Amino acid sequence: RNLMVSYVENPKSKGSASRLRYHRYSRATTLLEALELGATTKDIQHDYRRGFIKFPSHESDLPGHIYNAVEVATDHGIHHILDDVGRLVNPTVLTDYLLARAFVSSGLERARYVFNDLIKSAYDPTLLPRELETVAAAARFGERQFAKVMNAQRGVNIDFSLAAEPTRWEETLPEVCSESEKWKEAMDDEIVSMTKFGVY
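All values reported here derive from a predicted model rather than from experimental measurement.

Visitor: A description of helix 10 (residues 180-197) should follow, citing residues and the corresponding values.
Guide: Across its 18 residues, helix 10 extends 26 Å between first and last C-alpha, which sits within 8% of the 26 Å expected from 1.5 Å per residue. Directly after helix 10, the chain includes G198, whose backbone phi takes a positive value near 65°.

Visitor: Break down helix 3 (residues 41-49) for me, citing the residues and quoting the values.
Guide: Of the positions making up helix 3, those classed as buried are D43, I44 and D47. Viewed end-on, helix 3 has its buried residues packed into an arc of 100°, placing them on one side of the element. Facing away from the buried side of helix 3 by over 90 degrees, the exposed positions are T41, K42 and R49. Elements in contact with the buried residues of helix 3: strand 1 (6-7), helix 1 (17-25), helix 2 (31-36) and strand 2 (53-54).

Visitor: Quick rundown of the confidence of the model for the protein chain? Include the residues and the values.
Guide: Of the residues in the protein chain, 61% reach a pLDDT of 70 or more, and the chain-wide mean stands at 76. Mean pLDDT values over the elements of the protein chain span from 59, in helix 7 (residues 108-120), up to 94, in strand 1.

Visitor: Give me the nonpolar core: which residues, what numbers.
Guide: Formed by V5, Y7, Y22, Y25, A28, L31, A34, A39, I44, F52, I53 and F55, the largest nonpolar core amounts to 12 residues. Elements with a contribution of two residues or more to this core: helix 1 and helix 2. Those residues within four positions of F55 in sequence are excluded, and the remaining contacts are L3, M4, V5, L31, I44 and Y48.

Visitor: Any chance you could break down the packing of aromatic side chains for me, citing the residues and the numbers?
Guide: One pass over the full model with this rule turns up 5 aromatic pairs. On the numbers, 5.5 Å between centres and 90° between planes, the contact of Y7 with Y22 is edge-to-face. Of the two residues, Y7 sits in strand 1 while Y22 sits in helix 1, which places them 15 residues apart along the sequence. Accessibility assignment for this pair places Y7 and Y22 in one class, buried. Ring centres of Y22 and F52 lie 6.5 Å apart, and the angle between their planes is 85°; this geometry places the pair in the edge-to-face category. Note that Y22 is positioned in helix 1 and F52 in the loop between helix 3 and strand 2, a separation of 30 residues in sequence.

What counts as what
- Residues numbered from 1 in each chain as written.
- Predicted model: local features only at pLDDT ≥ 70, side-chain atom pairs only at ≥ 80, totals over all residues.
- Heavy atoms only, no water.
- Helix = DSSP H or I, 4+ residues; strand = E, 2+ residues; numbered from the N terminus.
- Expected span 1.5 Å × (residues − 1).
- Buried < 20%, exposed > 50% of the residue type's maximum accessible area, 1.4 Å probe, protein only.
- Arc of directions from axis to C-beta.
- Contact = heavy atoms within 4.5 Å.
- pLDDT = per-residue confidence, 0-100.
- Core = buried A, V, L, I, M, F, W, Y, C linked by side-chain atoms within 4.5 Å.
- Phe/Tyr/Trp six-rings, centres within 6.5 Å; stacked < 30°, edge-to-face > 60°.

Spelled out as structure tokens, the structure:
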């Protein structure tokens, strides 16, 4: 409960009770302080799911996580827990974390050294052949590794506010899609092209 925490600027709806409560507990620097200042367990869970709270020493390093664990720890001037207990976790988990550190290293020579050193023992030798047994498994493995690289690089800005790409025309209607006009233009353009080339 004494974990370091960091909150983003108050994102709650103006005039709401949760905004007032957030304003009070978001000044906390530890999880215990946040609870003492009025945060509930549900507040903490809700804020974490939406990226309003960060745990600098324990931020998730999974691909696709809203924050880069290495950057959050570095920005707060501390070590991530995987720096301290890396020897106790699966070698592949530690390697993934250390590769992420290499990609955000400020010194290129240091990053090259870390990267080259890690490649020697990057993955558990008994696990890797299973990961690459079939074309589908190899493709999934490649996608996961690419996601790790993309999420480890500083400067890769993913706009999490964008809606997922629609899969049915109903999902492009104005009442459910903020980019309805753009999708309509794209569909019209596609129909004109299909008509022009006689492709249906």
